[in-house]
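Geometric and topological summary
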Amino acid sequence: MSTQEVSCRELFEAAQEYQVRELCFWVCVNMVAGAIGRCELRTFRGGKEIRERDYYLWNVSPNVNQSSTAFWHKLVARLYQDNEALIVPTLTRADGMDALVVADDWAQPEDWPSRQNEYRSVRVGEYTWQYPFYENNVLHLKLHHKNMAPVIAGLYQSYWRLVSAAMRHYEWDRGQHWKVHVGQIACGEDGWETKFQAMIAAQIKPFLESGGAILPEFDGYAYERVGGTGSGDTRDIKALLEDIFDFTARGFLIPAVLVNGKIEGTQDANTRFLTNCIDPLCDQLQEEITRKLYGYQAWKAGDYVRMDSSSILHFDMFANAANVEKLVGSAAFSVNDILRSANQPTIDEPWADAHFLTKNISTMDDVARQLGIEKGATQ
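Let us look at the structure shown here. (Residues numbered from 1 in each chain as written. Predicted model: local features only at pLDDT ≥ 70, side-chain atom pairs only at ≥ 80, totals over all residues. Heavy atoms only, no water.)

1. Quick word on the overall build of the chain
Counting its regular elements, the chain contains 14 helices and twelve strands. Scored against the burial criterion, the 379 residues of the chain give a buried share of 33%. Put simply, 63% of the contacts in the chain that link residues at least 6 apart link residues at least 24 apart. Carbon and sulfur atoms make up 54% of the accessible area of the chain, which amounts to about 24600 Å² in all. (Helix = DSSP H or I, 4+ residues; strand = E, 2+ residues; numbered from the N terminus. Buried < 20%, exposed > 50% of the residue type's maximum accessible area, 1.4 Å probe, protein only. Contact = heavy atoms within 4.5 Å. Areas by Shrake-Rupley, 256 points an atom, 1.4 Å probe, with all protein chains shown as cover.)

Below, the structure written as structure tokens:
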């Protein structure tokens, strides 16, 4: 193993690059994790929605040490860090409930097309299982067919050189740069270089660093400022950093406007965020849970789960009052469907789950028949 000397300046620059990279990455991860954490995993039995043990497991408490929000945040973090995540069962809790945890590490299984994968050395925290988990006992999620993290890291390294150049230019422009002309008589004295360095440390450096000072000028020395106008602007640096946020967001399939904090166009951006980033994750989760925990026969009988992302966006009841009336009056949704989407408690009454159709919404045949009845009545 070879070693290489690294200066403190190089370490400081590497730390700056790492901090910017981590900030961009985790802003995007937390945005996705926050959205997934707001989703409701709905459970169905025989085609009818129920709220029993499985619902509590996924939406309230997946294990004794985590809430469902913390569980989903860790799952999303592992997905984007490693491009895959593994959910494994652990010991049944004292109340008889099942428990699930997100693995921190495991040995990659051999890829067998015709038999179950075996996951060995599965670790959660400081605990490592000594026995393997088989494919039908775990939930294995994969983010992309090809891991995007190394690609984004490569972009960071190449783009950071531009940011560093902009920072150096700003520092130069904001600093003071002087040159001194030394006469031949002055520089010809014995020990001149040592005296000159001592003068720089004792007089020139305090002058440059002070808010107000006087610089003595001796015979044979002429000072002239050659740079550092003080007109540097950080907007170029900020624009380059925003570019890093933008291409990081693209790697996550997040519209850049949601990451850089701008307000314009956020409504369309939220729609694209849910469609391109969140919904594919929800599809994969509900498919993996249904096929592993229920199976074909149960699925055929109407037992399955559905990841509902409708509650991610804030719902203003007063702003959407007219839309709510149309949704209920067109029989598309029940009152409880609307309440659930608005993150409000449902009504435990049969009429709240019924679908209503207003009289002004009907087929052409019904309209013609009604008009005929009314015409006959007038005659």
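We are not done yet, so read on.
2. Examining the sheet that holds strand E2 (residues 48-50)
If you walk across this open sheet you meet the three strands as E2-E1-E12, and the pairing is antiparallel. If you trace the sheet from one side to the other, it starts and ends with E2 and strand E12 (304-308), each paired once. With strand direction ignored, the average angle separating the axes of adjacent strands in the sheet is 40°. Judged from the five bridges that link them, strand E1 (residues 40-45) and E12 form a sheet pairing that is antiparallel. Counterpart to Phe44 in the pairing with E12 is Tyr304. Against the sheet, helix H9 (residues 266-293) makes contact with E1 and E12, and its axis sits at roughly 165° relative to E12, the strand it touches most. (Pairing = 2+ DSSP bridges. Axes fitted to C-alpha atoms, helices over the stretch in contact; angles between N-to-C directions.)

3. Some thoughts on the state of the cysteines
In total, this model carries zero disulfides according to the counting rule given. A disulfide-free cysteine, Cys39 has its sulfur positioned 3.9 Å from the sulfur of Cys282, the nearest such atom. The exposure class of Cys282 is buried, given its relative accessible area of 2%. (Disulfide = S-S within 2.5 Å.)

4. Some points on the packing of helix H3 (residues 68-82) against H9
Direction vectors running N to C along H3 and H9 enclose 105°, while the axes themselves pass 14 Å from each other. Taken together, the axis directions place H3 and H9 in an arrangement best described as roughly perpendicular. Residues Trp72, Leu75, Leu79 and Tyr80 of H3 form the contact with H9, whose own contacting residues are Cys277, Leu281 and Leu285. Tallied by class, the residues present in the contact of H3 with H9 amount to seven nonpolar, no polar and no charged. (Parallel < 35°, antiparallel > 145°, perpendicular 65-115°, else oblique. Nonpolar A, V, L, I, M, F, W, Y, C, P; charged D, E, K, R; others polar.)

Honestly, that's just the spatial picture; any functional story needs more than this.
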